[in-house]
Amino acid sequence: IWFCEGFSSDIIAAIEQRQLNLGIIMTYSTDKETTQQRILESSLEYKTLFVDKVKLYVSLNHELHEKNTIYMKDVVPYSYVTGGNVVVAKHSQQLLQSYGYQKDVEIINNQQLRLRYLVRQNAFTSLPDRLFQSSVEYQKFLKPIHVQDLQWECELGVVYHADEIRPLEEILLQRMQEKIK
């Protein structure tokens, strides 16, 4: 079994081209429909592993923690930082622009540097709740803010060619589903 990390679109392309037998992808409520359509058009199979809420996070001392009620209009004056590439940043920027965000999205792939930036620049980021809960590093420096008008979700799932799944891969899929639930 070979593991690699990449963006959902790259993973799907590798499976289409039969470079990978199966891949784990994450979609957000904002791009799920497009991704599902591509999977369907490629005659691939998809199994959901879990669905999770996406929350916004800021440093522990951020002034937004002092507000009783927070809306996106309160968040968009701050810089947004994400990991990934230009495609991820552009997608994030489009999502945020619908709330009035007018800045460039910062891309910082190194987790330590991203955390430092979030704290020093009073910036914000978004993460699936499970990712935050499983990361001691994130919990040391960040705290979620509960934004009233933000309803983002993410879904983790497995993409594969149904006709080419091997017994070992089927066992792996079953075990992943058991562990994640």
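This one's a predicted model, so the numbers in the text were calculated from it and none came from an experiment. (Residues numbered from 1 in each chain as written. Predicted model: local features only at pLDDT ≥ 70, side-chain atom pairs only at ≥ 80, totals over all residues. Heavy atoms only, no water.)

### Side note on the pairing of strand S7 (residues 153-160)
Burial analysis of S7 places seven of its eight residues in the buried class, which makes it a mostly covered element. Where strand S1 (residues 22-28) lies against S7, seven bridges are found, and the strand directions are antiparallel. When the sheet's bridge partners are listed, Ile-25 is paired in S7 with Gly-157. Where strand S2 (residues 45-59) lies against S7, eight bridges are found, and the strand directions are antiparallel. (Buried < 20%, exposed > 50% of the residue type's maximum accessible area, 1.4 Å probe, protein only. Helix = DSSP H or I, 4+ residues; strand = E, 2+ residues; numbered from the N terminus. Pairing = 2+ DSSP bridges.)

### Considering the confidence of the model for the chain
In the predicted model, the chain carries a mean pLDDT of 88, and 96% of its residues have values of at least 70. Mean pLDDT values for the elements of the chain range from 78 in helix H8 (residues 167-180) up to 96 in helix H3 (residues 72-75). (pLDDT = per-residue confidence, 0-100.)

### Some remarks on the side chain of Ser-92
The residue Ser-92 is located in helix H4 (residues 86-97) in this model. Those residues in contact with Ser-92, other than ones at most four positions away along the chain, are Tyr-80 and Val-105. (Contact = heavy atoms within 4.5 Å.)

### Quick look at the side chain of Thr-35
Mapped onto the elements, Thr-35 comes out in helix H2 (residues 32-41). With a relative accessible area of 12%, Thr-35 lands in the buried category.

### Here's the deal with unusual backbone geometry
Phi at Arg-18 is positive, roughly 60 degrees, even though this residue is not glycine. When you line up the elements, Arg-18 lands in the loop between helix H1 (8-16) and S1. Positive phi outside glycine occurs at Asn-122, with the angle close to 55 degrees. Mapped onto the elements of the fold, Asn-122 is located in the loop between helix H5 (111-120) and strand S5 (125-128). Judged by relative accessible area, Asn-122 falls into the partly exposed class, the value being 25%.

### Points about the environment of Lys-103
For Lys-103, the location among the structural elements is in the loop between H4 and strand S4 (106-107). Here the alpha-carbon distance between Lys-103 and Leu-64, two residues 39 residues apart in the chain, equals 18 Å. Among residues more than four places away in sequence, those in contact with Lys-103 are Pro-77, Tyr-78, Ser-79 and Gln-93. In this structure the side chain of Lys-103 is engaged in a polar contact, spanning 2.6 Å, whose partner is the backbone oxygen of Pro-77. (Polar contact = N/O pair within 3.5 Å; in protein donor to acceptor, adjacent residues only side chain to side chain.)

### Remarks on the packing of H1 against H2
Direction vectors running N to C along H1 and H2 enclose 5 degrees, while the axes themselves pass 11 Å from each other. The angle between H1 and H2 falls in the class roughly parallel. Here Ser-9, Ile-12, Ala-13 and Glu-16 of H1 come into contact with H2, specifically with Thr-35, Arg-38 and Ile-39. Partitioned by chemical class, the residues of the contact of H1 with H2 number three nonpolar, two polar and two charged. (Axes fitted to C-alpha atoms, helices over the stretch in contact; angles between N-to-C directions. Parallel < 35°, antiparallel > 145°, perpendicular 65-115°, else oblique. Nonpolar A, V, L, I, M, F, W, Y, C, P; charged D, E, K, R; others polar.)

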